[in-house]
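Per-entry structural report
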Amino acid sequence: MANIDFSAEIRALRATYESIERVSDVDALREDIAELSERAGEPDLWDDPAAAQKITSRLSHRQSELERLTNLASRIDDLEVLVELGQDEDDAASMGEAAAELESIKKALKDLEVVTLLSGEYDEREAVVSIRAGAGGVDAADFAEMLMRMYLRWAERHGYPTTVMDTSYAEEAGLKSATFEVKAPYAYGTLSVEAGTHRLVRISPFDNQGRRQTSFAAVEVIPLIEQTDSIDIPDNEIRVDVFRSSGPGGQSVNTTDSAVRLTHIPTGTVVSMQNEKSQLQNRAAAMRVLQSRLLLLKKEQEDAEKKALAGDVKASWGDQMRSYVLNPYQMVKDLRTEHEVGNTSAVFDGEIDDFIDAGIRWRTDNRNAEK
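Note that the structure is predicted; figures quoted are calculated from it, not measured.

1. Topic: the overall build of the protein chain
- Looking only at helices and strands, one finds nine helices and 11 strands in the protein chain.
- Dimensions along the principal axes, computed over C-alpha positions, put the protein chain at roughly 75 × 65 × 50 Å.
- Evaluated residue by residue, the protein chain yields a buried proportion of 40% over its 371 residues.
- Contacts in the protein chain between residues far apart in sequence, at least 24 positions, make up 65% of those at least 6 positions apart.
- Of the accessible surface of the protein chain, which amounts to about 19,800 Å², a share of 46% is contributed by carbon and sulfur atoms.
- Between the centroid of the 43 positive side chains of the protein chain and the centroid of its 68 negative side chains there is a distance of 7 Å.

Take a look at the structure:
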């Protein structure tokens, strides 16, 4: 603690906070809260439950944003007072508490700083995450299930509600594919840096000779469509197939053809849903995800056209974006940001915030370089 220059550290905290405050536009944030509060107080708000949920969720998020900002300002002020008292009274316990609070505020500012980088067109949206097993047979299917658990645990750690929309089980173990929704503001902007090909290297538990196996799984993240989005799909562009829902090992979990598969004929985009109880519910959920995928596809095509006009077309950054090595050593490494950790168990248990933060900063740097 004697080596900590608290005056310099507190000045740095204030400078970082002021920078975040400017980017966050606190006045606009307060205006947004006032407008949303007014809409939330309208007597006919719950005539449309879906719209009402959006308004109240957005209001809660905006209020939380403002509260985080004001609380951090207060914590920095309180830290300065604590340091002054500790130094005046030569109180080692107070100085130890100040050192711990200093690190805690640094972490909170870092987290808040990352949120200010989420400025993409759809970054504020909720997210739909799809995971597909790739090359590697049963190990790839098992890896897909491991990744799904990782993201669901990450969401659980943050208190974000999730809904599993579709699961297609592999015959021996694991998943062929899965789709789930993360219901939190900025879920898309946050998780979109996880899109791409993930690679696992380990001694295969399914190989009786104990050989090392490399397997792959693909992660796709799309923003959830909203009522204001204009994506109209003519009925003649959609093929609808119905089938029975299935569980692990291929067993049937429903005696009726309640599962639905939608194919968008012009693009070849396929969406399956089977976790709802009725065919009508599965079809509605599948249509929503299909619209979300086509919305993102439309934006990607527009962005590609703009880059082509500028003479600067670059390949997608997503392929083989992260390696999870469990043998001969243990290491999870992001191949874009170079961020790596040795505690693979913690990563698979959802501790991926540092990877996501590094990915968001990496993406921002690349976007700025392209301007």
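2. Section: the packing of aromatic side chains
- According to the stated counting rule, one finds three aromatic pairs in the structure shown.
- One aromatic cluster is present, formed by Phe143, Tyr324 and Phe348 through successive ring pairs.

3. Section: the pairing of strand E7 (residues 259–264)
- Counting buried residues along E7, five of its six residues qualify, which places the element largely inside the surrounding structure.
- Note that strand E6 (residues 238–243) and E7 share six bridges and pair antiparallel. From the neighbouring strand, Val242 faces E7, where its bridge partner is Val260.
- Direction of pairing for E7 relative to strand E8 (residues 269–273): antiparallel, over a ladder of five bridges.

4. A look at the pairing of strand E9 (residues 322–325)
- On E9, burial covers both faces: Arg322 and Tyr324 on one face and Ser323 and Val325 on the other are all buried.
- Note: strand E4 (residues 196–203) against E9, four bridges, orientation parallel. The residue of E9 that forms the bridge with His198 is Arg322.
- When E9 meets strand E10 (residues 331–334), the two strands line up antiparallel, connected through four bridges. Bridge assignment links Tyr324 to a residue of E10, and that residue is Val332.

5. Overview of the nonpolar core
- With 56 residues, the main nonpolar core has Ile131, Leu147, Tyr151 and Tyr324 as its most contacted residues.
- Here the element with the most residues in this core is helix H5 (residues 137–158); it accounts for eight residues.
- Discounting residues that sit within four places of it in the chain, Leu147 has contacts with Ile131, His198, Ala217, Val219 and Tyr324.

6. Remarks on the sheet that holds E10
- Strand order in this open sheet of eight strands is E2-E3-E1-E5-E4-E9-E10-E11, and the pairing throughout is mixed. With one partner strand each, in any of the chains shown, strand E2 (162–169) and strand E11 (340–341) form the two edges of the open sheet.
- Contacts between H5 and the sheet are confined to strand E1 (127–133), E2, strand E3 (175–182), E4, strand E5 (212–223) and E9, with E5 contributing the most and set at about 45 degrees to the helix.
- Contacts from helix H9 (residues 353–370) reach E9, E10 and E11 within the one sheet, and its direction differs from that of E10 by about 15 degrees.

7. What to know about the pattern of salt bridges
- On inspection of all chains with the given rule, the structure shows 28 salt bridges.
- The residue Glu80 makes a salt bridge to Arg14 at a minimum N-O spacing of 2.7 Å. Here Arg14 lies in helix H1 (residues 6–24) and Glu80 lies in helix H3 (residues 49–88), a separation of 66 residues in the sequence.
- On the basis of relative accessible area, Glu80 is assigned to the partly exposed category, the value being 31%.
- The exposure class assigned to Arg14 is partly exposed, which follows from its relative accessible area of 26%.
- Across the salt bridge formed by Arg293 and Glu220, the nearest N and O atoms sit 2.9 Å from each other. Remark: Glu220 occurs in strand E5 and Arg293 occurs in helix H7 (residues 279–309); sequence separation between them is 73 residues.
- Residue Arg293 is classed as buried on the basis of its relative accessible area, which comes to 15%.
- On the basis of relative accessible area, Glu220 is assigned to the partly exposed category, the value being 25%.

About the thresholds
- Residues numbered from 1 in each chain as written.
- Predicted model: local features only at pLDDT ≥ 70, side-chain atom pairs only at ≥ 80, totals over all residues.
- Heavy atoms only, no water.
- Helix = DSSP H or I, 4+ residues; strand = E, 2+ residues; numbered from the N terminus.
- Buried < 20%, exposed > 50% of the residue type's maximum accessible area, 1.4 Å probe, protein only.
- Contact = heavy atoms within 4.5 Å.
- Areas by Shrake-Rupley, 256 points an atom, 1.4 Å probe, with all protein chains shown as cover.
- Lys, Arg positive; Asp, Glu negative; His and termini not counted.
- Charge placed at Lys NZ, Arg CZ, Asp CG, Glu CD.
- Phe/Tyr/Trp six-rings, centres within 6.5 Å; stacked < 30°, edge-to-face > 60°.
- Pairing = 2+ DSSP bridges.
- Core = buried A, V, L, I, M, F, W, Y, C linked by side-chain atoms within 4.5 Å.
- Axes fitted to C-alpha atoms, helices over the stretch in contact; angles between N-to-C directions.
- Salt bridge = Lys/Arg side-chain N within 4 Å of Asp/Glu carboxyl O.

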